[in-house]
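# Examining the three-dimensional arrangement
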Amino acid sequence: MTSEMHQIPRPTHHPDADLLARFAAGTLEDGPALIVATHLDFCPACRGQARKWEALGGALLDGLPPAIMAPDALDHALDLIGAAPEERSPHRASDDLALPPALRRQRMTSWRFIAPGIRGRAVQVDPAQGYKALLFRVQAGMSIPMHGHRGPEFTCVIDGAFSDSLGRFGPGDMIAVDDGVDHEPMVSRQDGDCLCLIAVRGRLRLHSLLGRLAQPFVGL
Ligand SMILES: [Zn+2]
């Protein structure tokens, strides 16, 4: 028991209060909600905050004491997020033990080659809500092509780490980037391969040949 806090590094980049409140209220779109749920798998502090928002929202909506609303309300929200749309399921990732619980229940395509050192798989989210979700595995020493956004981009690191102009991000760290920001996440050799989940709205604006190669696959 006492060793847990020393063995598991805690995330240092978290969703802001607005994102957590919208997640807890169930009003966050499918893509970013999956990113927040993934972060929560890593982050006891934000889980606690989300439960507080959940309890508060339930109490406000129904006039019930928070203690009655809290216990399964978050699970219910997570179940809703995990519920897949009606599309066929080409692949379920439950055999991939490295994935956090929020991702294990999502339907995904198989891993696809995107570019040397970069593989990706699409994670199914409700397309009606405007986001696409992608799992990237980037080899140590590689970068995701410099790109900007026409809409927000949400990322959660699952394994390894990357750095960009905004900082260094390790397991569980969550990043929300607004449109208009250009960045090029780099995976250093010391950090090993990086596995990260990304949700984007709108088309990515890719600036490199590598990016144009990646674009047909991700369907953005
Ligand atoms: Zn957190």
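Note that the structure is predicted; figures quoted are calculated from it, not measured.

Thresholds, definitions, all that
Every chain's residues receive numbers from 1 upward, in the order its sequence appears when written. Confidence filtering applies because this is a predicted model: local features only for residues at pLDDT of at least 70, side-chain atom pairs given and counted only at 80 or more, and all residues used for totals across whole chains, interfaces and linings. Water and hydrogen atoms were dropped before computing side-chain values, which therefore reflect all heavy atoms in the structure. Secondary structure elements are defined from DSSP: runs of H or I of at least 4 residues count as helices, runs of E of at least 2 residues count as strands, and each element is numbered from the N terminus. We call two residues in contact whenever any of their non-hydrogen atoms come within 4.5 Å of each other. Any N or O atom pair separated by 3.5 Å or less is treated as a polar contact, with the protein-specific requirement of one donor-capable and one acceptor-capable atom, and with residues adjacent in sequence counted only for side-chain atom pairs. For each residue, the accessible area found with a 1.4 Å probe, counting protein chains only, is set against the maximum for its type, and the residue is called buried under 20%, exposed over 50%, and partly exposed in between. A strand pair is defined by DSSP finding two or more bridges across the two strands. We define the nonpolar core as a collection of buried residues of types Ala, Val, Leu, Ile, Met, Phe, Trp, Tyr and Cys that are connected through side-chain atoms lying within 4.5 Å of one another. Keep in mind that water is not among the atoms, so a site may look incomplete; donors are the N, O and S atoms within 2.8 Å of the metal, or 3.2 Å for Na, K and Ca. Salt-bridge detection follows one rule: a side-chain nitrogen of Lys or Arg within 4 Å of a carboxyl oxygen of Asp or Glu. Angular values range over 0 to 180 degrees, each being the angle between N-to-C directions of two axes fitted as lines to C-alpha atoms, with helices fitted over their stretch in contact.

### Brief notes about the environment of Asp193
Counting through the fold element by element, Asp193 comes out in the loop between β8 (174-177) and β9 (194-201). Taking the C-alpha atoms as reference, Asp193 lies 8.3 Å from Gly141; in sequence the two are 52 residues apart. Excluding residues within four positions of it along the chain, Asp193 makes contact with Arg137, Val138, Gln139, Ala140, Asp159 and Gly160. A distance of 3.1 Å separates the side chain of Asp193 from the backbone nitrogen of Ala140, its partner in a polar contact.

### Topic: the pairing of strand β3 (residues 131-138)
For β3, the tally of buried residues reaches 6 of 8 residues, placing the bulk of the element in the interior. Note: strand β2 (residues 118-123) against β3, 6 bridges, orientation antiparallel. Counted as the bridge partner of Arg119 is Arg137 from β3. When β3 meets β9, the two strands line up antiparallel, connected through 8 bridges. The residue of β9 that forms the bridge with Phe136 is Cys196.

### A closer look at the nonpolar core
As a rule of thumb, soluble globular proteins bury nonpolar side chains together. In this structure, Leu103, Val123, Leu135 and Leu197 are the most contacted members of the largest nonpolar core, which totals 30 residues. Per-element tally for this core: the top contributor is helix α3 (residues 30-42), with 7 residues. Sequence-distant contacts of Val123, that is, excluding residues within four places in its chain, are made with Leu34, Leu103, Gln106, Arg107, Met108, Ala133, Leu134, Leu135 and Leu197. Ranked by size, the runner-up nonpolar core spans 16 residues in total, among them Ile114, Ile118, Val157 and Ile175.

### Concerning the coordination of the zinc ion
The protein atoms that coordinate the zinc ion are His14 (ND1), His39 (NE2), Cys43 (SG) and Cys46 (SG), at distances spanning 2.0 to 2.3 Å. For His14, a relative accessible area of 37% corresponds to the partly exposed category.

### Examining the pattern of salt bridges
A full pass over the atoms with the stated rule returns 3 salt bridges. The residue Glu29 makes a salt bridge to Arg22 at a minimum N-O spacing of 3.7 Å. Where salt bridges share partners, they join Asp18, Arg22, Glu29 and Arg201 into one cluster.

### Describing the sheet that holds β8
Whenever strands of a sheet pair, they do so through backbone hydrogen bonds, lying parallel or antiparallel. Taken in spatial order, the 6 strands of this open sheet run β1-β2-β3-β9-β5-β8, and their pairing is antiparallel. Two strands in the sheet have a free side with no partner beyond their single neighbour: β1 (112-115) and β8. For this sheet, the mean inter-axis angle between neighbouring strands, taken without regard to orientation, is 30°. Packed onto the sheet, α3 meets β2, β3, β5 (153-159), β8 and β9 and runs at close to 30° relative to β5.

### Side note on helix α2 (residues 17-25)
Those residues of α2 that fall on the buried side of the exposure criterion are Leu19, Leu20, Ala21, Phe23 and Ala24. Positioned one or two residues after α2, Gly26 has a phi angle of 75°, which is positive.

### A short note on the environment of Ile158
Note that Ile158 resides in strand β5. When near neighbours in sequence (up to four residues on either side) are disregarded, Ile158 contacts Thr38, Phe42, Ala98, Pro100, Leu103, Leu135, Pro171, Leu195, Cys196 and Leu197.

### Re the environment of Leu166
By secondary structure assignment, the location of Leu166 is in the loop between β6 (162-164) and β7 (167-169). Note on Leu166: relative accessible area 45%, which makes it partly exposed. In this structure, the C-alpha to C-alpha distance between Leu166 and His183, residues 17 residues apart in sequence, is 8.4 Å. Apart from the residues lying within four places of it in its own chain, the contact partners of Leu166 are Ile175 and Val177.

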